[in-house]
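Read off the chains here:
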Amino acid sequence: MNTQTKLEQLKDMKMKIIGLDTLVFGVDDVAACSQYLTDYGLTPVAVTAQGGRFEALDGTAVEIRAKDDPALPAGLGTASMLRETVYGVADEATLDAIEAELATDRTVVRQGGVLRASDDLGFALAFQVTVRKPLALPAEAVNAPGAEPNRRPNALGLPPDMPASPRSLSHVVYFVPDTAKAEAFYQRLGFVCTDRFIGVGPFLRPAGTQDHHTLFMIQTPPFMKGCEHFTFHMGGPTEVLLAGTRFVEKGYQSFWGPGRHRFGSNWFWYFNSPLGCHVEYDADMDLHDETWAAREAPMSADASQLFLFQHREKWAPSGPPPAGAPLRPVHETVPST
Ligand SMILES: [Fe+2]
């Protein structure tokens, strides 16, 4: 088989990118980010004063290191702290196909099972056979007249100690100076547009998942290039509200939400963070397959969400919380871009 034929065959193979395995950040304040990611609900793994890994239930994660750590990929030349986006793929054949595609016009390094390259906007990328562990957890169960009960008698919908742990790294949103150029690059890797905000950017789904989006991009001036936010999937809207409420009660600052997006139908709640970006909880995102036709809409408040709430301190008809109630701990957060 000649080289050209093999390359064409590899390109024709479906590149089964499943989703994000890890996002790597180089941060100003490792201690503050460690506290933040732990309070958000991720599990610290091998974390030291130099940073470490913070995992969701399926092993997807955020990794942080000090911004001057020489082990980090170079930054984007902006204020963004994102240093690398690591995608999990289905198999070695997908790594072969990505390597064949990207090696046609850029440097690609494959070492220890990890393939590294940069996209056309300068974002450092890595690809590996996914670290995701299969999860066997129920979705939020809802009872409704007209439907068979989803929760058995005496099973409480909201026990006070209900866990609300991030299950899986959902999506990342980039600020980019040229969304058309960026979209063309990710199309080469098998990403398809599921919906688009006209003049803003596309929601992109890689071929190995049916999630509405793994990557969304927003057109911005070049100095803003970087990560706008990332989010982990929760078990349902109640977990978004519960985890977000607990996060507020730990002193973190709500940025937007809770609410429910129009494109993707995902519930959301965004928070400010010391990672130079917003951090979100999400749940119940739409799934799509190849029969889906992407929608387009101008960006607006109505297009961005169906409804939006705002957190309020707990209250009851008998009055506000008692005077002299202990103050909640307040952790310093840095307003993000
Ligand atoms: Fe999001």
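Residues numbered from 1 in each chain as written. Predicted model: local features only at pLDDT ≥ 70, side-chain atom pairs only at ≥ 80, totals over all residues.

Reading across the sheet, the ten strands line up as β17-β10-β11-β12-β9-β13-β16-β15-β14-β18 and stay open at both edges, with mixed pairing between neighbours. The outermost strands of the open sheet, each flanked by one partner alone, are β17 (295-298) and β18 (305-308). The mean angle between the axes of side-by-side strands here comes to 20°, regardless of whether they run parallel or antiparallel. In terms of strand pairing, strand β9 (residues 168-176) meets strand β13 (residues 226-233) through seven bridges, oriented antiparallel. Across the sheet, residue L169 finds its bridge partner in β13, namely F232. (Pairing = 2+ DSSP bridges. Helix = DSSP H or I, 4+ residues; strand = E, 2+ residues; numbered from the N terminus. Axes fitted to C-alpha atoms, helices over the stretch in contact; angles between N-to-C directions.)

This part takes up the UniProt feature "domain: VOC" (unreviewed entry) in the chain. In the UniProt entry, the feature "domain: VOC" (unreviewed entry) is given for residues 168-284. The straight-line gap between the two end C-alpha atoms of residues 168-284 is 12 Å; of that span, 20% is helix and 45% is strand. (UniProt positions renumbered as here; feature names shortened; annotations may be inferred.)

A few words now on the pairing of β9. Counting buried positions over the nine residues of β9 gives eight, a clear majority of the element. The sheet contact formed by β9 and strand β12 (residues 215-219) spans five bridges and is parallel. Among the inter-strand pairings, V172 is bridged to a residue of β12, identified as L215. (Buried ≥ 20, exposed ≤ 12 C-beta atoms within 10 Å, placed from the backbone.)

What follows concerns the sheet that holds strand β8 (residues 124-129). Ordered by their spatial adjacency, eight strands build an open sheet running β2-β3-β4-β1-β5-β8-β7-β6, and the pairing between neighbours is mixed. Looking at which strands have only one partner, the edges of the open sheet turn out to be β2 (43-48) and β6 (109-111). When strand polarity is set aside, the average angle formed by the axes of neighbouring strands in this sheet is 20°. Bridging between strand β1 (residues 17-27) and strand β5 (residues 82-89) involves seven bridges; their strand directions are antiparallel. Bridged to G19 within β5 is G88. Across the sheet, helix α2 (residues 30-40) touches β1, β2, β3 (51-55) and β4 (61-66), and the angle it forms with β4 is around 165°. (Contact = placed C-beta atoms within 7 Å.)

A separate point is the nonpolar core. In summary, soluble globular proteins display a tendency toward joint burial of nonpolar side chains. Among the nonpolar cores identified, the biggest contains 68 residues, and L23, F25, V62, V172, Y174, L215 and V240 are the most heavily contacted of them. Of all the elements, β1 adds the most residues to this core, at seven residues. Sequence-distant contacts of F25, that is, excluding residues within four places in its chain, are made with V62, I64, M81, L82, R83 and L275. (Core = buried A, V, L, I, M, F, W, Y, C linked by C-beta atoms within 7 Å.)

Turning to helix α5 (residues 237-249), a few remarks are in order. Here α5 is 13 residues long and its end C-alpha atoms lie 18 Å apart, about the 18 Å a rise of 1.5 Å per residue gives. Regarding α5, the residues found buried are P237, E239, V240, L241, A243, G244 and F247. Buried residues in α5 make contact with α2, β14 (254-261), β15 (267-271) and β16 (278-283). (Expected span 1.5 Å × (residues − 1).)

Glancing now at the environment of K67. If you trace the backbone, K67 turns up in the loop between β4 and β5. On a C-alpha basis, the gap between K67 and F309 in space is 35 Å, while along the polypeptide they are 242 residues apart. Dropping the residues within four chain positions of it, K67 is found in contact with G26, V27, D28 and M81.

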